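Here are the chains, one letter per residue:
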Amino acid sequence: TEQPLNDLVIDDVRVTFDGFVAVDGVSLRVGPGDLRFLIGPNGAGKTTLVDAITGLTPATGSVRFGGRELLGRPVHRIVRLGIGRTFQTATVFENLTVLQNLDIAAGTTRRPHTLLRRRRTVPDEVQRALETTGLTGQRDRAAGTLAHGQKQWLEIGMLLVQNVQLLLLDEPVAGMSHEEREQTGQLLQRVGEDRTVVVIEHDMDFMRAFAASVTVLHAGRVLSEGTVAEVRADPRVQEVYLGE
Ligand code: ADP
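Keep in mind that what you see is a predicted model, and the values were worked out from it rather than measured.

So, how was this worked out
Residues numbered from 1 in each chain as written. Predicted model: local features only at pLDDT ≥ 70, side-chain atom pairs only at ≥ 80, totals over all residues. Helix = DSSP H or I, 4+ residues; strand = E, 2+ residues; numbered from the N terminus. Buried ≥ 20, exposed ≤ 12 C-beta atoms within 10 Å, placed from the backbone. Contact = placed C-beta atoms within 7 Å. Near = placed C-beta within 6 Å. Nonpolar A, V, L, I, M, F, W, Y, C, P; charged D, E, K, R; others polar. Axes fitted to C-alpha atoms, helices over the stretch in contact; angles between N-to-C directions. Parallel < 35°, antiparallel > 145°, perpendicular 65-115°, else oblique. Left-handed = near helix turned anticlockwise from the far one by under 90°. Pairing = 2+ DSSP bridges.

Caption draft 1: Inspection of the overall build of the protein at higher detail. Summing up its helical and strand segments, the protein has ten helices and ten strands in all. When its C-alpha atoms are laid out on the principal axes, the protein stretches across 55 × 40 × 40 Å. When the 244 residues of the protein are sorted by exposure, 39% land in the buried category. The contacts of the protein with a sequence gap of at least 6 include a subset with a gap of at least 24, amounting to 65%.

Caption draft 2: Main features of the site of the ligand. Near the ligand the following residues occur: F17, F20, A22, G40, N42, G43, A44, G45, K46, T47 and T48. The set of elements that each furnish at least two residues to the shell around the ligand consists of β2 (20-30) and α1 (46-53). Of the residues forming the shell around the ligand, the biggest block, three residues, is contributed by α1. Here the residues of the shell around the ligand sort into four nonpolar, six polar and one charged.

Caption draft 3: View of the packing of helix α3 (residues 98-106) against helix α5 (residues 124-133). Packing of α3 against α5 leaves a shortest axis separation of 10 Å and a crossing angle of 130°. Relative to α5, the element α3 lies oblique. Considering only the axes of α3 and α5, their crossing is right-handed. Between α3 and α5, the contacting residues are L99, L102, D103 and A106 on the first element and E125, V126, A129 and L130 on the second. Each residue belonging to the contact of α3 with α5 can be placed in one class, and the counts come to six nonpolar, no polar and two charged.

Caption draft 4: Just the sheet that holds strand β4 (residues 60-65), in detail. Across the sheet, which stays open at both edges, the four strands sit in the order β2-β1-β4-β5 with antiparallel pairing between neighbours. The open sheet has two edge strands with one neighbour each: β2 and β5 (68-69). Contacting β1 (8-17), β2 and β4, α1 crosses the sheet at an angle of about 70° to β2.

Caption draft 5: How the structure looks around the packing of α5 against helix α6 (residues 148-160). Taken N-terminus to C-terminus, the directions of α5 and α6 make an angle of 145°; their axes are 9 Å apart at the nearest point. Note on packing geometry: the crossing formed by α5 with α6 is right-handed. Residues A129, L130, T132 and T133 of α5 form the contact with α6, whose own contacting residues are W153, L154, I156, G157 and L160. Per-class residue counts for the contact of α5 with α6 are six nonpolar, three polar and no charged.

Caption draft 6: Just the sheet that holds strand β3 (residues 35-39), in detail. One open sheet accounts for six strands, arranged β6-β7-β8-β3-β9-β10; its pairing is mixed. Only two strands of the sheet have a single neighbouring strand rather than two, namely β6 (83-85) and β10 (221-227). Strand-to-strand, the axes of this sheet are offset by a mean angle of 20°, without reference to chain direction. Note: β6 against strand β7 (residues 166-170), three bridges, orientation parallel. The residue of β7 that forms the bridge with G84 is L167.

Written out as structure tokens, the structure is:
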């Protein structure tokens, strides 16, 4: 069978709320396995664009992942195509352990009572997610007791066990300590090795460690695109950031 190319092709996407144009004809392409940062001042349309990609808000235009059109599909079908996202506030089951959270996400168990039993074996994909996210040592802790950064990593782990091929992350390092940022950077490098990743980000310094491209949105449109250094040097980008 033919392996689809996991590229994300966004073509002329528009989102309007009651006549207000939040995303105004955005086109961009993220190559298979590439990492792309999406930046821009508050209100630029970053979250709304990700909402459109993941089916949370209606949009016109076209969004294709691996050749498949996403616009018009309900959220659960988009999820089934291997597309996952995180939100700025991590949504994990606070009263369950790290392992139980991953089990639920993996669909390893659909029956809550089996979660209460101690299991001897951990499914491969759950074990891999624990290792990738660096949470192996935390697996039996209640998620609610994790540090802020660890919760974010768990949420990413919950997407990894679902075999996500396109990962969309909304400001993953917001509120993190310097050390957590560094670790998140390493996690993104690992996660991005065999997945397409789009990261909404605010922190230019965080992005500098990556050899990734950056798309700058402003007022619902693509203002600039290039390496971190290129968009930083772009006078149009400097202007909208100074005006913030
Ligand atoms: P960003 O993520 O870049 O900060 P958003 O995508 O959240 O920007 O918002 C883009 C614009 O769309 C903002 O002006 C925001 O107020 C507006 N907006 C977002 N969601 C809605 C909504 N559900 N209804 C009306 N306006 C919205």
